[in-house]
Amino acid sequence: MTVEVQALVALAAGSGGYGGRRIVDGISTSRLLLILAVLQKRYGISFHRRDVYVNVVGGMHLGKGSKSGGGSDLAVAIGLVSSLVGIPVRSDTAFVGEVGLLGELRPVHSLDKRITEARRMGFSRIVTPSSSSTSSGQKNKKQRKAGGRIQSGVQEVSAGGIKQLMCDNLLDAINCGLVTKLPTKQTRSGSKLIKPKRSKSRLNDDMKDIPTKSYDMSDLDMPIILDDEDDMMFE
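Throughout this document, residue positions are counted from 1 along each chain, in the order its sequence is written. Thresholds applied to this predicted model are a pLDDT of at least 70 for local features of residues and 80 or more for the giving and counting of side-chain atom pairs; totals over whole chains, interfaces and linings are not thresholded and use all residues. Each side-chain value is worked out from all heavy atoms of the structure, with water and hydrogens disregarded.

> Lay out the overall build of the protein with the relevant residues and their values.
When its secondary structure is counted, the protein shows six helices and eleven strands. Look at the contacts in the protein between residues 6 or more apart in sequence, and 74% of them connect residues 24 or more apart. Put simply, DSSP H or I for four residues or longer makes a helix, DSSP E for two residues or longer makes a strand, and each gets a number counted from the N terminus. Contacts are assigned to residue pairs that have any heavy atoms within 4.5 Å of one another.

Below, the structure is given as structure tokens:
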């Protein structure tokens, strides 16, 4: 059965050492905490001082066992990153896969049936774990580099009217699922997300319509907001 997973990330209302709420409906809290930890540790995507909400539409619960609950990990992870960075998820793409502690995508049960169901529901693309993940022994060992991260590319297979994108690691899968790839840089421990910088030309464009007259801030009928939320998003 195909289900819709929604995710929302918002600036936490608390202050000081408050880390943010973790509210789930339809998946286990432990799976959410695992996904957040992998995103932060492996790819530098931090949800510190963010409230995180995950909801499975329709009141569905995606299982309590490893055979059923983990298959939604990839959809949850992509929804969270999309909400955090403000890049939409592709509407023509479905997602299935379990996230491992190294950032790898692990195989799930009944993958062929899930692909068939996604095609029946009108999706033209589906992101899944790589076929190489099924041979969990030697191949995964060869793919590991410094820091214990799984390194690989994306394999594409088209069959039966749907394109299957097979990924070994979570970052590749996220980039396949978003309308725009995340800006990354290579570090000693692997790929890390780059904190976006506001270009000087864009800043100049924003300043064009501002009058040259100087104002005292007390004369402006508006609140002054000092917000460093972007600084907390990336490590």
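Now that the structure has been shown, we can carry on.
> Help me get a handle on the sheet that holds strand S1 (residues 5-11), residues and values and all.
Strands are labelled as partners when DSSP assigns at least two bridges between them. If you walk across this open sheet you meet the three strands as S1-S3-S2, and the pairing is mixed. Strands with a single pairing partner mark the edges of an open sheet, and in this sheet they are S1 and strand S2 (22-25). Across the sheet, the mean angle from the axis of one strand to that of its neighbour is 10°, orientation sign disregarded. Contacts between helix H1 (residues 29-43) and the sheet are confined to S2 and strand S3 (50-56), with S2 contributing the most and set at about 130° to the helix. Lines are fitted to the C-alpha atoms to define the axes, a helix being fitted only along its stretch in contact, and any angle between axes, read from their N-to-C directions, falls within 0 to 180 degrees.

> Outline H1, listing residues and values.
An expected span of 1.5 Å times one less than the residue number is assigned to each helix. Counted at 1.5 Å a residue, the expected span for H1 with its 15 residues is 21 Å, and the 21 Å between its end C-alpha atoms agrees. Along H1, the positions that sit buried rather than exposed are Arg 31, Leu 32, Ile 35, Leu 36, Val 38, Leu 39, Arg 42 and Tyr 43. Buried positions in H1, seen along its axis, are confined to an arc of 160° and lie on one side of it. Accessible area is worked out with a 1.4 Å probe on protein chains only. A residue is then buried under 20% of its type maximum, exposed over 50%, and partly exposed in between. Arc, as used here, means the arc of the directions from the helix axis to the C-beta atoms.

> Can you tell me about unusual backbone geometry, naming the residues and giving the values?
The backbone phi angle of Arg 49 is positive, close to 60°, even though this residue is not glycine. Mapped onto the elements of the fold, Arg 49 is located in the loop between H1 and S3. With a phi close to 55°, Ser 110 is a non-glycine residue in the positive phi region. Looking at the secondary structure, you find Ser 110 in the loop between strand S6 (105-106) and helix H3 (111-120). Taking relative accessible area as the criterion, Ser 110 reaches 43% and is therefore assigned partly exposed.

> Explain the sheet that holds strand S8 (residues 154-159) to me, using residue names and the numbers behind them.
In spatial order, the strands read S4-S7-S9-S8; together these four strands make up an open sheet with mixed pairing. Edge positions in the open sheet fall to strand S4 (93-95) and S8, since each of these has one partner strand only. If you compare each strand with its neighbour and ignore which way they point, the axes differ by 25° on average. Looking at chain direction, S8 and strand S9 (residues 162-167) are connected through six bridges and run antiparallel.

> Before we move on, could you go through the side chain of Thr 128 and cite the residues and values that matter?
By the secondary structure assignment, Thr 128 is in strand S7 (residues 125-129). When near neighbours in sequence (up to four residues on either side) are disregarded, Thr 128 contacts Val 96, Leu 105, Leu 111, Gln 164, Leu 165, Met 166 and Cys 167.

> Quick one: what's the story with the packing of helix H2 (residues 73-85) against helix H5 (residues 170-177), residue by residue and with numbers?
Two numbers describe how H2 lies on H5: the axes approach to 10 Å, and their chain directions differ by 65°. The angle between H2 and H5 falls in the class roughly perpendicular. Like other packed secondary-structure pairs, H2 and H5 cross with a definite hand, here right-handed. Mapping the contact onto sequence places Leu 74, Ala 77, Ile 78 and Val 81 in H2 and Leu 170, Ala 173 and Ile 174 in H5. Put simply, angles under 35 degrees are roughly parallel, angles over 145 are roughly antiparallel, angles from 65 to 115 are roughly perpendicular, and the rest are oblique. Helix crossings are classified by the rotation of the near helix relative to the far one: an anticlockwise turn of less than a right angle makes the crossing left-handed, while a clockwise turn makes it right-handed.

> Could you give me a rundown of the confidence of the model for the protein, with the residues and numbers involved?
In the predicted model, the protein carries a mean pLDDT of 78, and 67% of its residues have values of at least 70. Known as pLDDT, the predictor's per-residue confidence is scaled from 0 to 100. A low-confidence stretch, residues 132-150 stays under pLDDT 50, and its non-local contacts, those more than four residues away or across chains, total 34 contacts. The model gives residues 209-228 a pLDDT under 50, and that stretch makes four contacts with residues more than four places away or in other chains.

> Can you tell me about the environment of Arg 21, naming the residues and giving the values?
The topology assignment puts Arg 21 in the loop between S1 and S2. Expressed as a C-alpha distance, the spacing of Arg 21 and Asp 51, which sit 30 residues apart in the sequence, is 4.6 Å. Beyond its immediate chain neighbours, meaning those up to four positions away, Arg 21 contacts Arg 50, Asp 51, Val 52 and Tyr 53.

> An account of H3 is requested, with residue identities and associated values reported.
Every buried residue of H3 is accounted for by Ile 115, Glu 117 and Ala 118. Buried residues of H3, viewed axially, fall in a sector of 160°; they line one side. Along H3, exposed side chains directed more than 90 degrees from the buried face belong to Asp 112, Lys 113 and Arg 120. Of the surrounding secondary structure, the elements contacted by the buried residues of H3 are S4, S7 and S9. Gly 122 lies just past H3 and shows a positive phi near 100°.

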